[in-house]
Amino acid sequence: MTKRVGIFISGGGSNMRALVQDMTRDHGGCPALVLSNNAGSSGIAWARGQGIATEVVDHRPFGPDRTAFERALDAALAPHGLDIICLAGFMRVLTAGFVAPWQGRMLNIHPSLLPKYKGLHTHARALAAGDTEHGCTVHLVTPALDDGPVLGQAKVPVIEGDTPETLAARVLVQEHALYPAALRRFVDGNMTPFTL
Ligand code: GAR
């Protein structure tokens, strides 16, 4: 049975596009939903144009009430019968209450070589630390932020004169290869960590 994949985004969704494009070719998964917490996400417009079901759940009316936001997320997801969720630049922290039912079926991409640099500003932190290499990680989501078993990683060199922006752009190119490769392996039941 083809696995129904939901992809959560907050912005442009370039990783979502890479996942969707990969799922057009001989794949055990299909893009069943693109969901954003931001109605202005250009990724949402793109997904609609591809004929993919979309949902927007704006977090702002819920203020600090994460549980109420997540109840709204659950309600938006319910009709789509998802098997797998891929967080792809979804910039909201999800609580244990939301994550628990999806544990083992929810993936995330993070722009660092985890366990280094959980959280935000990963590229600036790698530069400030004087790292000579940096990269990105796809991992299974657990209730702890940017934690959980690593499925795959891709490395890039840090180059003399790099800024957070130039480094982010180099990492993003690798993200677009890493996430589709990790999802393919995951859908095929292969959770052995790999490096691109
Ligand atoms: C990506 O670099 C992704 O790794 C990062 O946000 C960007 C989204 O870009 N995610 C996080 O920082 C999550 N903590 P995209 O919308 O073009 O895919």
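Anything mentioned here points back to the structure above.
Let me begin by describing the structure that accompanies this report. Predicted, not measured: the structure shown is a model, and the values here were computed from it.

What counts, and at which threshold
Residues numbered from 1 in each chain as written. Predicted model: local features only at pLDDT ≥ 70, side-chain atom pairs only at ≥ 80, totals over all residues. Heavy atoms only, no water. Helix = DSSP H or I, 4+ residues; strand = E, 2+ residues; numbered from the N terminus. Rg over C-alpha atoms; globule rule 2.2 N^0.38 Å. Buried < 20%, exposed > 50% of the residue type's maximum accessible area, 1.4 Å probe, protein only. Core = buried A, V, L, I, M, F, W, Y, C linked by side-chain atoms within 4.5 Å. Expected span 1.5 Å × (residues − 1). Bend = angle between axes of the 7 residues up to and from the residue. Near = heavy atom within 4 Å. Polar contact = N/O pair within 3.5 Å; in protein donor to acceptor, adjacent residues only side chain to side chain. Areas by Shrake-Rupley, 256 points an atom, 1.4 Å probe, with all protein chains shown as cover. Nonpolar A, V, L, I, M, F, W, Y, C, P; charged D, E, K, R; others polar.

**Section: the overall build of the protein**
Here is step 1: Assigned secondary structure in the protein consists of 6 helices and 8 strands.
Here is step 2: N-terminal to C-terminal, the α/β element order of the protein is β-α-β-α-β-α-β-α-β-α-β-β-α-β.
Here is step 3: Here the C-alpha radius of gyration of the protein, 16 Å, is about what a compact globule of 196 residues would show, namely 16 Å.
Here is step 4: Seen along its three principal axes, the alpha-carbon backbone of the protein occupies a region of about 50 × 40 × 30 Å.
Here is step 5: Expressed as a percentage of the 196 residues in the protein, the buried residues total 45%.

**Description of the environment of Arg60**
Here is step 1: Tracing the chain through its elements places Arg60 in the loop between strand 3 (54-56) and helix 3 (66-77).
Here is step 2: Sequence separation between Arg60 and Asn37 is 23 residues; the distance between their C-alpha atoms is 8.6 Å.

**What to know about the nonpolar core**
Here is step 1: The biggest cluster of nonpolar side chains holds 32 residues, and the ones touching the most others in it are Ile7, Leu107 and Leu183.
Here is step 2: If you list the elements that add at least two residues to this core, you get strand 1 (3-9), helix 1 (14-22), helix 2 (42-49), strand 4 (84-87), strand 5 (106-110), strand 6 (133-140), strand 7 (150-157) and helix 6 (164-187).
Here is step 3: Looking at this core, the element that brings in the most residues is helix 6, giving 8 residues.
Here is step 4: In this structure, Ile85, Leu94, Met106 and Val141 belong to the second largest nonpolar core, which totals 19 residues.

**Digging into helix 6**
Here is step 1: Taking 1.5 Å of rise per residue, the 24 residues of helix 6 would be expected to cover 34 Å, and the 33 Å separating its terminal C-alpha atoms lies within 8% of that figure.
Here is step 2: Bending of helix 6 peaks at approximately 25° at the position of Glu175.
Here is step 3: The set of residues buried in helix 6 consists of Leu167, Val171, Glu175, Leu178, Tyr179, Pro180, Ala182, Leu183, Phe186 and Val187.
Here is step 4: Downstream of helix 6 by a residue or two, Gly189 has a phi angle that is positive, lying close to 85°.

**Considering the site of the ligand**
Here is step 1: Inspection of the region around the ligand gives Gly12, Gly13, Ser14, Asn15, Gly89, Met91, Ile109, His110, Pro111, Leu172 and Glu175 as its neighbouring residues.
Here is step 2: Here an oxygen atom of the ligand sits 2.9 Å away from a polar atom, N or O, in the main chain of Gly13.
Here is step 3: A distance of 2.7 Å is found between an oxygen atom of the ligand and a side-chain nitrogen or oxygen belonging to Glu175.
Here is step 4: Relative to its unbound accessible surface of 450 Å², the ligand loses 80% to contact with the protein.
Here is step 5: When contributions to the shell around the ligand are tallied by element, the ones reaching two or more residues are helix 1, strand 5 and helix 6.
Here is step 6: Across the shell around the ligand, the residue classes break down as 4 nonpolar, 6 polar and 1 charged.

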